[in-house]
Amino acid sequence: MAFESTRGAFPGTRMRRLRASDFARRLVRENALSPNDLIYPVFVLEGENQREAVPSMPGVERLSIDLLLELAAEMVSLGIPAIALFPVVPTEKKSLLAEEAFNTDGLAQRAVRALKQAQPELGVITDVALDPFTTHGQDGIIDEEGYVLNDRTTEVLVQQAASHADAGADVVAPSDMMDGRIGAIRAVLEDAGHVNTLIMSYAAKYASSYYGPFRDAVGSAGNIKGGNKFSYQMDPANSDEALHECALDLGEGADMIMVKPGMPYLDIVRRVSEELKAPTFAYQVSGEYAMHMAAFENGWLSREAVMLESLVSFKRAGCAGILTYFALDAARALQ
């Protein structure tokens, strides 16, 4: 429906009247950001008292489980409702068939159990994808030509998701973009009695060039060796396709859907949230974070003001929640 203004002409209508004072701006503000909107993505690694900086993501660190628990306590104190876990898998545990992904004593599974014991009220979201576990860095099982096999990959993803739910994950988040994997995961969760385990589907995940620092952080950049994920992640030029992807995943049993990346794809967030009327999330990805941090560190942009403005843009577009590496700093600023 085309917009039709109900306002009168100037000077009967002066739009600046509602901007002239702080109280008025606060009263008519259409969107508000709070810690409740934030999900903090965290990289977890093996060992004890281990802390590794991610050079391409200033301020972001890989943490061992003991230090992860300290971070989780701070998140709870700041009112951040959920953490998203991404394991850093040692090279010797990577394989062609990604068996470590569903190891009941794997790094992600142990981290989930420790978090739920230490901070039971904190929502724990796990990444369901195989790229940290494969020797080639792709998100699935490949054939002789290197093509990612959809149904064979789904079999492993189902095992991975089940192992996360068994460990106590509140939300499993398939980020692989295989067809049909949401329905397969939902069926297994139901059969296992995990009826309240949520599925947050990366339903519209684009084959973006903004993911580079993340691949550095989880250690898959060296494995993929300049390859791409065009055969399963979405073409950045497409918009209608995202609605089909999201609708299919909702139909298969997803509780929440995600658009990734974030700010360059807020038009997709708007379409998905308005047309499908389902809880829609977006990921302010590593490349977005790295660009902001470069500008902040060079003094080109005001850190806190720009950080919060960027996050408000997600809310304005229709996001129910935002995965962002700024979650801690934003929650502190919003106190």
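Preceding this section is the structure that the text describes.
Residues numbered from 1 in each chain as written. Predicted model: local features only at pLDDT ≥ 70, side-chain atom pairs only at ≥ 80, totals over all residues. Heavy atoms only, no water.

### Comments concerning the overall build of the protein chain
Here is the rule: Secondary structure is summarised from DSSP: a helix means a run of H or I of at least four residues, a strand means a run of E of at least two, and numbering begins at the N terminus for each. When we talk radius of gyration, it's over C-alpha atoms, and the globule rule is simply 2.2 Å times the number of residues to the 0.38. Note on contacts: a residue pair qualifies if any of its non-hydrogen atoms lie within 4.5 Å across the two residues. Per-residue accessibility takes into account occlusion by the displayed protein chains alone, with areas from the Shrake-Rupley method and a 1.4 Å probe. When charges are counted, Lys and Arg contribute as positive and Asp and Glu as negative, whereas His and the chain ends are disregarded. The atoms used to mark charge sites are NZ of Lys, CZ of Arg, CG of Asp and CD of Glu.
Along its length, the protein chain carries 12 helices and 10 strands. Since a compact globule built from 335 residues should have a radius of gyration of about 20 Å, the 21 Å found for the protein chain is in line with a globular shape. Taking the principal axes of its C-alpha atoms as reference, the protein chain extends roughly 70 × 45 × 40 Å. At a minimum sequence separation of 6, the contacts of the protein chain that also span at least 24 residues come to 74%. Total accessible area on the protein chain is roughly 15,300 Å²; 52% of this is exposed by carbon and sulfur atoms. Of the charged side chains in the protein chain, 30 are positive and 46 negative, and the gap between their average positions amounts to 11 Å.

### A word on the side chain of T134
With respect to the secondary-structure elements, T134 resides in the loop between strand 5 (123-128) and helix 4 (150-167). Dropping the residues within four chain positions of it, T134 is found in contact with K94, S95, L96, A98, G140 and N223.

### What to know about the environment of A24
Its place among the elements puts A24 in helix 1 (residues 22-28). C-alpha separation for the pair A24 and C319, spaced 295 residues apart in sequence, amounts to 25 Å.

### So, the nonpolar core
Spelled out, the test is: To define a nonpolar core, start from buried Ala, Val, Leu, Ile, Met, Phe, Trp, Tyr and Cys residues and group those joined through side-chain atoms within 4.5 Å. Buried means the residue's accessible area, taken with a 1.4 Å probe over protein chains only, is under 20% of the maximum for its type, while exposed means over 50%, and partly exposed covers the values in between.
Formed by 105 residues in total, the largest nonpolar core has its most connected members in F43, L68, I83, M200 and Y283. In this view, I83 contacts I39, Y40, V42, L68, M75, L115, L122, G123, V124 and I125; residues no more than four positions away in its chain are not counted.

### So, unusual backbone geometry
Residue P11 follows F10 across a cis peptide bond; omega there is 10 degrees. One can find P11 in the segment before helix 1. Between K260 and the following residue, P261, the backbone shows a cis peptide bond with an omega angle of -5 degrees. A positive phi angle is found at A98, which is not glycine, with a value near 55 degrees. Position of A98 relative to the elements: it lies in the loop between strand 4 (82-87) and helix 3 (107-118). Look at A98 and you get buried, because its relative accessible area is 0%.

### Re the packing of helix 11 (residues 303-317) against helix 12 (residues 327-334)
Applied cut-off: Comment: axis = line fitted to C-alpha atoms, over the contacting stretch for helices; angle = value between 0 and 180 degrees taken between N-to-C directions. The labels follow the angle: roughly parallel below 35 degrees, roughly antiparallel above 145, roughly perpendicular from 65 to 115, and oblique for the rest.
Packing of helix 11 against helix 12 leaves a shortest axis separation of 10 Å and a crossing angle of 100 degrees. It follows that helix 11 is roughly perpendicular to helix 12 by the angle criterion. Residue-level contacts link R303, E304, M307, L308 and L311 of helix 11 to D329, A330, A333 and L334 of helix 12.

### Let's talk about the pairing of strand 4
Heads up, the rule is: When DSSP finds at least two bridges between two strands, those strands are taken to pair. Orient the strands so they point away from the viewer; a crossover is then right-handed if the path from the first strand over the helix to the second runs clockwise.
Counting buried residues along strand 4, 6 of its 6 residues qualify, which places the element largely inside the surrounding structure. Of the two faces of strand 4, the one lined by A82, A84 and F86 and the one lined by I83, L85 and P87 are each fully buried. In the sheet, strand 1 (residues 38-45) pairs with strand 4 via 6 bridges, with the strands oriented parallel. Residue pairing in the sheet places I39 in a bridge with A82 of strand 4. Bridge count for strand 4 against strand 5 is 4 bridges, and the pairing is parallel. Bridged to L85 within strand 5 is T126. Note that the unit made of strand 4, helix 3 and strand 5 has a crossover that is right-handed.

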